[in-house]
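Read off the chains here:
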Amino acid sequence: MDRWKVIETELNPDRLHEKETVFNLGNGYLGTRGTFEEGYPGDLPATLVHGLFDDTPVFYSELVNAPNWLDLAIYVNGQRFRMDRGQILAYRRELDLSNATLTRRLRWQSPHGETLEIQFERFASLANEHILAVRCQVQALDFSGTLEIRAGIAGHVSNLGLVHWDWIDQGSLDAQTNFLHLQTKGTQIPLVEAAHLKVLGGNFTYDSWDSPWHPTVVASGQVNPGDTISAEKLVAIYTGRDGVEPQQAAIETVRQASQRGYAALLADQQEAWAQEWEACNITIEGDDRADHALRYNLFNLLIAAPRHDDRVSIPAKSLSGFGYRGHVFWDTEIFILPFFTYTRPEIARNLLMYRYHTLTGARDKARSSGYEGAMYAWESAGTGHETTPRWLPLPDSADLVRIWCGDIEHHITADVAFAVYQCGRVPGDDDFMRNYGAEILLDTACFWGSRAEWNAERGQFEINDVIGPDEFHDHVDNNAYTNAMARWNLQAALETLNWLERQAPEQARLLKEKLDLTPERLDHWRDVIDRLYLGYDPA
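What you are looking at is a predicted structure, and each value in this text was computed from that prediction instead of being measured. (Residues numbered from 1 in each chain as written. Predicted model: local features only at pLDDT ≥ 70, side-chain atom pairs only at ≥ 80, totals over all residues. Heavy atoms only, no water.)

Asker: Lay out helix α9 (residues 411-425) with the relevant residues and their values.
Answerer: Here α9 contains 15 residues, and its C-alpha end-to-end distance of 21 Å stays within 8% of the 21 Å for a straight helix at 1.5 Å per residue. For α9, the secondary structure elements touched by its buried residues are α5 (331-343), α6 (345-357), α10 (430-451) and α11 (480-503). (Helix = DSSP H or I, 4+ residues; strand = E, 2+ residues; numbered from the N terminus. Expected span 1.5 Å × (residues − 1). Contact = heavy atoms within 4.5 Å.)

Asker: Give a description of the packing of aromatic side chains that names residues and reports values.
Answerer: Inspection of the entire model under this criterion finds 20 aromatic pairs. Measuring from ring centre to ring centre gives 5.4 Å for Tyr 324 and Phe 329, while their planes differ by 75 degrees; the resulting arrangement is edge-to-face. Here Phe 329 falls in the buried class, since its relative accessible area comes to 7%. Here the aromatic residues Tyr 324, Phe 329, Trp 330, Phe 335, Trp 378 and Tyr 481 are joined through ring pairs into a cluster of three or more. (Phe/Tyr/Trp six-rings, centres within 6.5 Å; stacked < 30°, edge-to-face > 60°. Buried < 20%, exposed > 50% of the residue type's maximum accessible area, 1.4 Å probe, protein only.)

Asker: Give a description of the sheet that holds strand β2 (residues 25-26) that names residues and reports values.
Answerer: Sheet architecture is open: 4 strands sit in the order β2-β3-β4-β5, paired in antiparallel fashion. Taken across any chain shown, the strands that pair with only one partner, and hence form the sheet edges, are β2 and β5 (60-65). Of the strand pairs in this sheet, strand β3 (residues 30-32) and strand β4 (residues 47-56) are connected by 3 bridges, and their pairing is antiparallel. Residue Leu 30 lies in a different strand from β4, and its bridge partner there is Val 49. (Pairing = 2+ DSSP bridges.)

Asker: Kindly report on the packing of α10 against helix α12 (residues 505-514), identifying the contributing residues and their values.
Answerer: Packing of α10 against α12 brings their axes to within 11 Å, and their N-to-C directions diverge by 35 degrees. Every pair of crossing elements has a handedness; the one defined by α10 and α12 is right-handed. Judged by residue contacts, Arg 434, Asn 435, Ala 438, Glu 439 and Leu 442 of α10 engage Gln 507, Leu 511 and Lys 514 from α12. Broken down by class, the residue content of the contact of α10 with α12 amounts to 3 nonpolar, 2 polar and 3 charged. (Axes fitted to C-alpha atoms, helices over the stretch in contact; angles between N-to-C directions. Left-handed = near helix turned anticlockwise from the far one by under 90°. Nonpolar A, V, L, I, M, F, W, Y, C, P; charged D, E, K, R; others polar.)

Asker: Go over the pairing of strand β6 (residues 72-76) with me, naming the residues and quoting the values.
Answerer: Of all 5 residues in β6, 5 are buried, a share of seventy percent or more. In this structure, β6 lies alongside strand β12 (residues 145-152), joined through 5 bridges in antiparallel fashion. Residue pairing for β12: Tyr 75 is matched across the bridge by Glu 148. Direction of pairing for β6 relative to strand β7 (residues 79-80): antiparallel, over a ladder of 2 bridges. Each residue of the ladder has a partner; that of Tyr 75, found in β7, is Arg 80. Turn length for the β6-β7 hairpin, with the two strands adjacent in sequence and antiparallel, is 2 residues, and the turn residue Asn 77 shows positive phi of about 50 degrees.

Asker: Give a description of the packing of α9 against α10 that names residues and reports values.
Answerer: Relative orientation of the contacting elements α9 and α10 amounts to 155 degrees, with a least axis distance of 10 Å. Taken together, the axes of α9 and α10 lie roughly antiparallel to each other. Like other packed secondary-structure pairs, α9 and α10 cross with a definite hand, here left-handed. Mapping the contact onto sequence places His 411, Thr 413, Ala 414, Val 416, Ala 417, Val 420, Tyr 421, Gly 424 and Arg 425 in α9 and Phe 432, Met 433, Gly 437, Ile 440, Leu 441, Thr 444, Phe 447 and Trp 448 in α10. Considered class by class, the residues forming the contact of α9 with α10 number 11 nonpolar, 5 polar and 1 charged. (Parallel < 35°, antiparallel > 145°, perpendicular 65-115°, else oblique.)

Printed below as a string of structure tokens:
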């Protein structure tokens, strides 16, 4: 077993979507599903960019499927290469975890009898998160004739049928370079992809097709038995969230990338990932299968982790597909963040800065629910406001089921606070705690102080009508996990306030004023800590 590779040796159309997810690539800016460059009937191509949300019915907001940058078609004597036509004589696909490259090698015989060796290789650059690259090498084995490569930017994409894009502009910069400029319908976020095609080997000519929504560069030439050509497609992608004019930036970036070439960009990719694994790899000795599985899972965390953007976080399905609409849940703070806290604390900080930037949404939710402080959304998107659907249809039925998580699964607020505390304490990031983390801990404590209910008969505080971390049993009173985490949140807030008063007294004063941390409020927190029901029987 090669513990650094995920390998597929047989194409199984019945598992197409599953394998598209397995062979997902990313670089912390975007994720691209493992669909085939030339396409396949029933496939589900998607490129999801962090923070690129648009309005959607029922789910409020979802990550938008970006134009398909993979689009690359091969024509042999006028006939298109398709794996569902002709005959596949050999097939192998490899995801190399060491450098995040996806390679596919196959031998294919067309319905007319021409036989080709084809190899695809692609990556999303970690060295420059705006650069994407795919290389296609084709060898003619037993025929002479015309070979045509069509490299497009496919803008007719949707989210499971829902179209989020308006067309803005497109064009050709020269015979080998073009661009497509779109904008989301609701949130009005522009996106530009620019692409360049170069064919090495043989004598190929180029033409640019300005097809609406699908600008395409076409390279055409003649091949003879034994001839091999290499088509290099380089793509640059920018959105309006990137702080630059996206069309200008995409065009300039793809021009610079084309001057350097695929091989140099691949070398950059390999070096960037070598540094990443130097900091993050974990080895299990004596169990190759477990070691391989662990590394694959770490890889999926690393390709989804934002390195240059602190306004986004890792969604529940990362950037691998449409499940959960790109929304962020408690999984990020409790299950994902500890890995980064101990290996790449700067990434952990980025993920938690997302929660700081979405405090307004958390405060709005608390107020609308009748509470104080910051109450984090069960499902969060771009703004931090609640995006959990309240009703959903049952599978294969018109009946609706009520989804209570957004209303009463409150433990997420303490989960965020717990991650903030760990991030600030484990790496010793005092700057983060002073300027950002303390405010989250204190305002979430304000929420729990208002959420606790006094039971005079029992002589204790309670937290009733919640959903616990099993995410299944609803309207539960005094869930053990929720109550214990709420109590911890209050304790950590008091501890953090004491620390802040020693380390940064002026910052402490400003926060106490901003959050109305009166002596009476702090005394109430202590009272809740002492008398909150935990269900513990010392006998």
